[in-house]
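Residue strings, one per chain:
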Amino acid sequence: MQRLLFPPLKALMGRQYLRLLARRAAPRAQCDCIRRPLRPGQYSTISEVALQSGRGTVSLPSKAAERVVGRWLLVCSGTVAGAVILGGVTRLTESGLSMVDWHLIKEMKPPTSQEEWEAEFQRYQQFPEFKILNHDMTLAEFKFIWYMEYSHRMWGRLVGLAYILPAAYFWRKGWLSRGMKGRVLALCGLVCFQGLLGWYMVKSGLEEKPDAHDIPRVSQYRLAAHLGSALVLYCASLWTSLSLLLPPHKLPETRQLLRLRRFAHGTAGLVFLTALSGAFVAGLDAGLVYNSFPKMGDSWIPEDLFTFSPILRNVFENPTMVQFDHRILGITSVTAITVLYFFSRRITLPRRTKMAAMTLLALAIPSTKLKRGIGNM
């Protein structure tokens, strides 16, 4: 009887519940009680209850299900990273304002005939970027920037499908725990918010500004919000996936370990703030103001840092101040990452933690040199 009964119990409820049930059933097995017939609606075993109720899956996710969900979120974080990179390329090619409409389904099909391309080009000509900056653009040049923005938007739709469709499938299969359901809902909601925020950002560059004669740009505030939400989505997806795929290490809570953890959290916040300041640099084209490093022109501290009034406005709208702040934050971030690496070498840590610190340092130093090279272009 145990051989017939215990395997389905083990599959449904797990080992701990099985041991408890065996202890409770032992006294009954020793007595000579007469088994009463079951009333309608009663079942003799838990496996029969599961079969009668039509539930063939376990309510709590198994280790195999957790690995599948972890790999899915790992792939999703990769798609978000690809969207950020593609968005940066779109920004560098000045293609972000080429698609002047936003339709979730309609714009998935690109123009195919000459007439459709000319109609799309005529719509673009009604907006400030063509009138002020690209008034001599040809149709062939317009196709290039249009396809750049089209690829970015289609990739964004792919990211949304990569989150929402598997999430609905895993939810239906019962592979998500109660806590994981909340996380998955938050991630899917953030994906939808990210798409709406992207269009809200593009819209700021399409608005007519009669008093402005500068090159049309998207709002640097909306650009920073768009990038920031993408980074939050990436980090949350990656963190959740690794928490499912990698077993946690149990380390003694020493004073040095607590200090390292706090310093790592502070470094992460500093890197995030540096990335947001980079969005302000891109939104204002502030990187073109000074192209020398480490000095800005002939001075260490430029004279036009506080030309706007009130003073706080310079931090977000003065190109010189924005570039200066980004430089300071970048240098500080690289310094903090270097200190974090040497700090981690002094503590007994798991191998993967030391590899993560080494990889972080290996990525930080080349990124600084690359940024310097871009600034000198």
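The structure this text deals with has already been given above.
An account of the accompanying structure is given in this report.

Reading guide: rules and limits
Residues numbered from 1 in each chain as written. Predicted model: local features only at pLDDT ≥ 70, side-chain atom pairs only at ≥ 80, totals over all residues. Heavy atoms only, no water. Helix = DSSP H or I, 4+ residues; strand = E, 2+ residues; numbered from the N terminus. Expected span 1.5 Å × (residues − 1). Buried < 20%, exposed > 50% of the residue type's maximum accessible area, 1.4 Å probe, protein only. Contact = heavy atoms within 4.5 Å. Salt bridge = Lys/Arg side-chain N within 4 Å of Asp/Glu carboxyl O. Phe/Tyr/Trp six-rings, centres within 6.5 Å; stacked < 30°, edge-to-face > 60°. Lys NZ or Arg CZ within 6 Å of the ring centre and 35° of its normal.

**Observations regarding helix 4 (residues 63–92)**
Every α-helix carries 3.6 residues per turn, so stepping three or four residues along brings you back to the same face.
No. 1: Helix length check: helix 4, at 30 residues, gives a terminal C-alpha distance of 44 Å against a target of 44 Å (1.5 Å per residue), a fit within 8%.
No. 2: Those residues of helix 4 not exposed but buried are Ala65, Val69, Gly70, Trp72, Leu73, Cys76, Ser77, Thr79, Val80, Ala83, Leu86 and Thr90.
No. 3: Tucked inside the fold, the buried residues of helix 4 contact helix 7 (139–173), helix 8 (178–206) and helix 9 (220–245).
No. 4: At the C-terminal side of helix 4, Glu94 shows a positive phi close to 55 degrees.

**Digging into the pattern of salt bridges**
No. 1: Summed over the entire model, instances satisfying the criterion amount to 8 salt bridges.
No. 2: Asp285 is paired through a salt bridge with Arg91; the nearest N and O atoms lie 3.8 Å apart. Remark: Arg91 occurs in helix 4 and Asp285 occurs in the loop between helix 10 (255–284) and helix 11 (313–317); sequence separation between them is 194 residues.
No. 3: Residues joined by salt bridges that share partners form a network here, namely Arg91, Arg217 and Asp285.

**Quick word on the packing of aromatic side chains**
No. 1: Applying the stated criterion across every chain, the model contains 19 aromatic pairs.
No. 2: Among the aromatic residues, ring-to-ring pairing joins Trp117, Phe121, Tyr124, Phe130, Phe142, Trp146, Tyr147 and Tyr150 into one connected group.
No. 3: If you follow Arg222 out to its NZ or CZ, it ends over the ring of Tyr200, 3.7 Å from the centre.

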